[in-house]
Amino acid sequence: MSWAAILALGLAAYALKALGLVVLGPRAVEGTFLRLAGLLPAALLPALVVVNTFAGDRRLVLDARAVGLAVAALAVWRKAPFVVVVGGAVAATALTRAIA
Amino acid sequence: MADAPPADPEAPLPPEVRRNATVLGVAVGVFGLSFGVLATTAGLTVGQTCVMSLLVFTGASQFAAVGVVATGGSLATALGSALLLAARNAAYGVAMAPTFARAPLGRRVVAAQLVIDESTAMATAQEGRRAREEAFWLTGVAVFVFWNAGTLLGAVAGDAIGHPEVWGLDAAFPAGYLALAMPHLRTRAGRVAGACGVAIALVLIPLAPAGVPIVAAALGIFPAVLFVPREPAS
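Presented here is an overview of the structure given in this document. (Residues numbered from 1 in each chain as written. Chains lettered and ligands numbered in written order. Predicted model: local features only at pLDDT ≥ 70, side-chain atom pairs only at ≥ 80, totals over all residues.)

## Things to note about helix α2 (residues 31-54) of chain A
Item 1. Its 24 residues place the ends of α2 of chain A 36 Å apart at the C-alpha level, agreeing with the 34 Å of an ideal helix rising 1.5 Å per residue.
Item 2. Largest kink in α2 of chain A: about 25°, centred on Leu 39 of chain A, with the proline Pro 41 of chain A one to four residues after it. (Helix = DSSP H or I, 4+ residues; strand = E, 2+ residues; numbered from the N terminus. Expected span 1.5 Å × (residues − 1). Bend = angle between axes of the 7 residues up to and from the residue.)

## Here's the deal with the interface of chain B and chain A
Item 1. The partner chain A presents 62 residues to the 82 residues of chain B that form the contact.
Item 2. Looking at the side of chain B that touches chain A element by element, the count peaks at eleven residues for helix α5 (residues 88-100) of chain B.
Item 3. Partitioning the side of chain B that touches chain A into residue classes produces 59 nonpolar, 16 polar and seven charged. (Contact = placed C-beta atoms within 7 Å. Nonpolar A, V, L, I, M, F, W, Y, C, P; charged D, E, K, R; others polar.)

## Here's the deal with the nonpolar core
Nonpolar side chains tend to gather and get buried jointly when the protein is soluble and globular.
Item 1. Core analysis: the biggest nonpolar cluster contains 115 residues, and Leu 40, Ala 43, Leu 44, Ala 47 and Ala 89 of chain A together with Ala 175 of chain B have the highest contact counts within it.
Item 2. Two domains each donate at least three residues to this core, and these are domain 1 (17-172) and domain 2 (186-234) of chain B.
Item 3. Residues contacting Leu 40 of chain A, with those up to four places away along its chain left out, are Ala 91, Val 94, Ala 95, Ala 218 and Ile 221 of chain B. (Core = buried A, V, L, I, M, F, W, Y, C linked by C-beta atoms within 7 Å. Buried ≥ 20, exposed ≤ 12 C-beta atoms within 10 Å, placed from the backbone. Domains from an automatic or database assignment.)

## Looking at the packing of helix α1 (residues 16-41) of chain B against helix α8 (residues 129-157) of chain B
When two helices pack together, their arrangement is captured by the angle between the axes and the distance separating the axes.
All names here are of chain B.
Item 1. Running from N to C, α1 and α8 cross one another at 30°; their axes reach a closest spacing of 6 Å. When the axes of α1 and α8 are compared, the pair comes out roughly parallel. Classified by chirality, the crossing of α8 by α1 is right-handed.
Item 2. Grouping the constituent residues of the contact of α1 with α8 by class yields 22 nonpolar, twelve polar and one charged. (Axes fitted to C-alpha atoms, helices over the stretch in contact; angles between N-to-C directions. Parallel < 35°, antiparallel > 145°, perpendicular 65-115°, else oblique. Left-handed = near helix turned anticlockwise from the far one by under 90°.)

This is the structure in structure tokens:
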């Protein structure tokens with residue numbers, strides 16, 4: 001990859017990130033916008049969980065990550081601390097891969 | 001939860017957030033090592049690899065870009081796949097905009113570089129504007145430091161730890177996001193948005209290029225806004 005390509009990618013990535021904070025900025029206090037923006041994480045985070053767990057190369061897959069997610073879900077349900085949720089999922093996934 | 005009291009904008013940050021941000025940072029750091037190794041193997045110099053992590057600073061996009069280059073794909077394909085994966089950051093920026101609406105321009109310009117999965121998830125899980133902004137900075141800076149340190153180490157020292165997947169570290173992220181999604185699912189509108197987002201992502205995983213299923217999931221907010229009556233403090 002050339003330096004130009006790396007700089008272009010950096011610039012484009014920053015432009016996407018800056019849309020909300022820099023471009024919208026102080027205008028982001030109006031009622032309807034607040035409600036829409038407030039709901040975005042509710043729509044995005046569960047989708048992020050699903051994609052990080054079940055997405056393969058353009059297909060749905062069921063692998064050791066699903067075991068980790070199941071352990072994480074159990075820990076969340078039991079109101080375990082964040083560290084336990086993450087650590088439990090990591091350990092369960094590693095163990096599944098080691099024996100599978 | 002219609003009777004939930006409105007969040008106090010000045011509510012303090014829960015003390016465990018600092019540790020939680022570090023946990024995510026360390027997991028990201030190990031993938032940073034992996035990225036450093038992959039990028040240099042794909043032909044980038046150590047300098048290019050490190051500048052990429054500093055400037056682009058969005059892991060999935062960087063892996064996609066150097067992955068395409070490593071397998072002999074064209075530059076256009078590399079940049080295209082990287083940008084599709086980075087597109088979700090625009091939605092994160094919109095989600096974070098109210099938290100930073102009253103911040104000075106300089107602070108918003110710097111914060112924008114830290115708008116990624118981890119910082120947005122940790123920030124929006126907090127109650128109140130002040131705690132959100134503090135959680136955003138803590139997580140964003142932790143991830144930035146670990147990602148870039150990992151990249152440098154991986155690029156210079158090479159493959160010392162093998163694949164992070166062997167240690168199950170790829171499972172850290174969905175687990176963390178699951179925990180951080182929970183506060184958003186307390187309201188009915190949040191649950192509708194979440195269910196629609198998941199459905200959109202599942203349908204698109206086999207149909208669309210990587211990155212698209214997550215950005216498209218943002219459309220899940222519209223059924224929630226249109227069909228769920230507004231709740232106080234939602």
